[in-house]
Structure formats: C-alpha cells, structure tokens
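Architecture and fold: a report
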Amino acid sequence: MIEWIQKTWQSFAESFVKNFIVEDRYMLIVRGLGTTILISLMAILLGCIIGFIMAFFRLSKIKLLNWIAGIYIDVIRGTPTVVQLLIIYYVIFAPFKNMPKVVIAAISFGINSGAYVAEIVRGGILSVDRGQMEAGRSLGLTSAQTMRLIIIPQAIKNILPALGNEFIVLIKETAIAGYIALQDLTKASDIIRSITWSSMPLFATAIIYFILVKLLSKGLQVFEKRLRKSEM
Amino acid sequence: MDMIQVSGLHKSFGELKVLQGIDQVVEKGEKLVIIGPSGSGKSTFLRCLNLLETPSEGKIYIEGECITDPKVNVNRIRQKMGMVFQHFNLFPHLTVLENLTLAPIRIKNMAKDQAEALARSLLKKVGLLDKEREYPSRLSGGQKQRIAIARALAMQPDIMLFDEPTSALDPEMVGEVLGVMKELATEGMTMVVVTHEMGFAREVGSKLLFMDEGKILEQGDPRTIFQDPQHPRTREFLSKVL
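For clarity, every value in this text was computed on a predicted model and none was experimentally measured. (Residues numbered from 1 in each chain as written. Chains lettered and ligands numbered in written order. Predicted model: local features only at pLDDT ≥ 70, side-chain atom pairs only at ≥ 80, totals over all residues. Heavy atoms only, no water.)

1. Considering the sheet that holds strand 2 (residues 16-27) of chain B
All names here are of chain B. The strand order 2-1-4-5 describes an open sheet built from four strands, whose pairing is antiparallel. The open sheet has two edge strands with one neighbour each: strand 2 and strand 5 (65-66). Pairing of strand 1 (residues 2-13) with strand 4 (residues 57-62) involves five bridges; the strand directions are antiparallel. Across the sheet, residue S7 finds its bridge partner in strand 4, namely K59. (Pairing = 2+ DSSP bridges. Helix = DSSP H or I, 4+ residues; strand = E, 2+ residues; numbered from the N terminus.)

2. Focus on a nonpolar patch on the surface
All names here are of chain A. Taken together, the side chains of W9, F12, F16, V17, I21 and V22 make up a nonpolar region of the molecular surface, amounting to roughly 580 Å² of accessible area. With respect to the helices and strands, V17 occurs in helix 1 (residues 2-21). Relative accessible area serves as the criterion here: at 41%, V17 is assigned to the partly exposed category. (Patch = residues over 30% accessible without salt bridge, like charges linked within 9 Å, V, L, I, M, F, W, Y side chains within 5 Å. Areas by Shrake-Rupley, 256 points an atom, 1.4 Å probe, with all protein chains shown as cover. Salt bridge = Lys/Arg side-chain N within 4 Å of Asp/Glu carboxyl O. Buried < 20%, exposed > 50% of the residue type's maximum accessible area, 1.4 Å probe, protein only.)

3. Considering the sheet that holds strand 7 (residues 159-163) of chain B
Residues and elements named next belong to chain B. Taken in spatial order, the six strands of this open sheet run 6-7-8-3-9-10, and their pairing is mixed. Unpaired on one side and paired on the other, strand 6 (81-84) and strand 10 (215-220) mark the two borders of the sheet. With strand direction ignored, the average angle separating the axes of adjacent strands in the sheet is 15 degrees. As judged from the four bridges shared by strand 3 (residues 31-35) and strand 9 (residues 207-212), these two strands associate in the parallel manner. Within strand 9, the residue paired with L32 across the bridge is K207. Contacts between helix 1 (residues 42-49) and the sheet are confined to strand 3, strand 6, strand 7, strand 8 (190-194) and strand 9, with strand 7 contributing the most and set at about 150 degrees to the helix. Along the sheet, helix 9 (residues 232-241) makes contact with strand 3, strand 9 and strand 10, crossing strand 9 at roughly 100 degrees. (Axes fitted to C-alpha atoms, helices over the stretch in contact; angles between N-to-C directions. Contact = heavy atoms within 4.5 Å.)

4. Considering the domain arrangement of chain A
Residues and elements named next belong to chain A. For chain A, the domain assignment lists domain 1 (41-178) and domain 2 (183-232). Across the boundary between the two partners, domain 1 contributes 13 residues, which contact 15 residues of domain 2. Summed over both sides, the interface of domain 1 with domain 2 buries roughly 1,200 Å², with 75% coming from carbon and sulfur. If you look at where domain 1 meets domain 2, you find zero salt bridges. Between the two partners, domain 1 and domain 2, sit zero residue pairs in polar contact (both at pLDDT 80 or more). By residue class, the composition of the side of domain 1 that touches domain 2 is eight nonpolar, three polar and two charged. (Domains from an automatic or database assignment. Buried area = accessible area lost by both parts, 1.4 Å probe. Polar contact = N/O pair within 3.5 Å; in protein donor to acceptor, adjacent residues only side chain to side chain. Nonpolar A, V, L, I, M, F, W, Y, C, P; charged D, E, K, R; others polar.)

5. Some remarks on the interface of chain B and chain A
On the chain A side, the residues contacting the 24 residues of chain B number 24 residues. Both faces considered, chain B and chain A share a buried interface measuring about 2,000 Å² in area, 57% of it formed by carbon and sulfur atoms. Viewed at the interface, chain A and chain B are joined by one salt bridge. R47 of chain B serves as the salt-bridge partner of E134 of chain A, at 2.6 Å between the closest nitrogen and oxygen. At the junction of chain B with chain A, the criterion picks out six residue pairs in polar contact (both at pLDDT 80 or more). Here the side of chain B that touches chain A gets four residues from one element, more than from any other, and that element is helix 3 (residues 96-108) of chain B.

6. As for the pairing of strand 8 of chain B
Residues and elements named next belong to chain B. The buried count for strand 8 comes to five of five residues, which makes it a mostly enclosed element. Every second residue of strand 8 is oriented toward a common face, with T190, V192 and V194 on one face and M191 and V193 on the other, all of them buried. In the sheet, strand 3 pairs with strand 8 via four bridges, with the strands oriented parallel. Counterpart to I34 in the pairing with strand 8 is V194. Bridge analysis of strand 7 against strand 8 gives five bridges, and the strand direction is parallel.

Below, the structure is given as structure tokens:
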C-alpha cells in the first residue's frame, strides 16, 4: 500500500516536472492566465457599457434606437461566439494589422457579452416598481435624474446575480481565443500538452479556471451583501 | 388667487373614457376632497393635475400658468406640487433622511446641511425624528406614509395632492396619517385629497366633490352633502359607505 502511494507520488512528481518545470513551461501557463484575465476584464467592462446603452435603446420611445438594439441583440444571440470572433478578427479588423490580438479578442467578447447584459439590465429596470419613477417625477426630478438616482441603483441590486452569472460565462468563453492564435490559458496548456502528451496541463487549467470563477463569485457575493444592507 | 383651475378636462385610455369634462377651481388654502366609487376617475383627475397623466383634452392652470401647454417645463411645475401616493413609493435604497433630502439637494441645489436641517424639522413635524437613519423597509405602513408626506413637503410646495393616502394602511395606522394631514390643513396648505375616509372629508374638507363615471355629479360643502345629498347616485354611494 505504502509502496503504491510512493509510486504514484513519484510518477506525479515526474509528470509535474516534465509539464511545468522543464524549460520554464509554467511561464506559458502564467502568461496565458494573464492574457485570459486581461481579455476578460476588458470584455466585461466593454460588455457592461454596451449592455447599459443597448438596454436604454430597447426601453427608449425612439423607434430607431429600439430597432438598432433589437437587431444587435438578435444577431449576437443568434450566432456562435466563435464565429463572431473569427469574423471580427479576420474580416472587420483585417485592415488593422497592428492592433494587438488581445484587444481584438476583448472587443469581440465585449460585443458578444453586451447583448446578454442588455437583456439583463432591461429586465432589471423593468422590475423596479413603476411607482418609483412616478415618485421621482412628482418631486420634480427629470426622467434622467430619476433613472440615475432612483431606478438604476435598485435595478443593479436586482440584476447582480444574473450579471455575475454572465461574467462567469464570459470568462470561460474566452477559452476560444486560441481560434485567432492568441495564447490564453487554454491555448497555453494545449501547447504544453502537445509537447509532453500528458493530461496534466489540461487538468491544471481546469482547476485554474475553477478557482478564477470561484473567486469572482465570492467577490460578487460580498458586493451583493453590501448592497442589500438597506433591506435588513 | 386661484391655485388650480381646470376647464373641460377629458382623459381617455384608448377607447376607455376616464374623465369626461371636468371643470373645477381650487383657491389658495382650500381643501378639496374628492370621493366616489372606484373607477370613477378621481385618481386620474388628481394625477392629471401634476401631469402624471397627460390630459387628452382641456386646460389646467396652476397658479395662473397653463400647464397643459406643450412647451411648459413640467419639472418646474411639479416642484410646486407635492404628491402622496397610496403605496407610499419611498425610495427603498435610501435612508429616511436621504429620501427627504434627495430632491432639495438635486433640484434646488440646496446645501447638504441645510437640506438635512429642513428634513429634520419635517421629520419632527410628522413625529419620526428618531427614524432618520432607518431604511424604509424597517418602517410600518403608517410611518412610511408620514415619511412620504414629509418628503413631499421637503420641496416646500404650494399645493399638496393626496391619492388615497390611507387606503393601503392597516386600520389602526390610518389615524396617525390623517393626523398629520389635518395639521397640514390647519397650517393653511392648499390640498386636493382623493379619499375613502368620510370622517376626514367631513371634518377637514372645505369643498367636496362626488365623482362617478368621469364626471363631477355633485359638489359643495361637505357637511351639507353628507347630510342631504341631492344626486341619486351620491345618495346611493353614501348610503353604502357611511
């Protein structure tokens, strides 16, 4: 029994050295992780900006804005993320040879996420009682002021769980960045795997994604709790 | 001076005619009380006065200014008129004090400490000074409505509109809200009150309107109407609620 444990441990250690230590291969993982985080953060930010704007377009009384947002959301939700990434990289950004791939990927994922964020935000705004808008307006606040000071803060509290879920999906979705030859976390581990023919890099990558998502959801939980203090 | 002047007011929601020709004048310091069965258009009439509903037809003047003119600045008009809702509509994400100071700070550019001093004097008036740090969810219905009245008063309006302010309250909390409204009435505030509280209507109202099916069927001194209603529909309504 002890012998078996020793043997297993030894093969594990050997595999670990082969996959991560030799030729500083762990640096591939570290840099890949950095790329994944960078794409995710930029895409989340961009997705939120686009999402909020499109949500207001959808809720607007102006037909044209309504129509633009409707088309955008339909197209993005109706096509695969990978295809969007390839079109944006190989077609739309083809003339911009000097643009870093990380930025192009972030823009692509941001545009993708924006459609989902828009629907989440729209639902959140609609979930706030109509009386809140009336109360704000009856005091003499403009409709923009009422939105900003009264409706949005309450809407954000309502949509936080769904928004957090969208961020989690987005982080994991960036794993397809390898399609445009970007060395993100997934691509880096696959490169190591192709050298060592070991399953270890893939499992290591899965664990890293898991930790990343866990940290994010914990952080969102704390934030949500702080926002909920007015309901205790 | 006429605080409110309404002539030929009509309001329809699609095919449904909710108001069918309302004419009314409210003078300064007057307490107009509106009663009537539900669906009679009384709330819609009140909501037209600060343009929460856009009239389909007719003219409304507030302090001599025509507010049904499409060019009028609605927000400026509304600052002169406080509104109290049936369901309070306090801002749940803000403390009681912030509920009161939000509009004076944002609209009137009042300094924060000045707005807070004003807010505290109003909280004292409605008897809830000790609740300034609470969030609305921790208050009872009666307390919420008193805060809502104080919030409307924080804009120092010339007219107060009340849309069934006690209809969503437990019976035992009705009294505290009516008490605040009575105090406001004795101070000379111009008030328009839609209510089902007949006692309040009789005691505080300087003029009573009975509405049904979008029309004013009877109006006059509340005591006279309660004692001797002229219109058969008024008689029928009062016999059911009194």
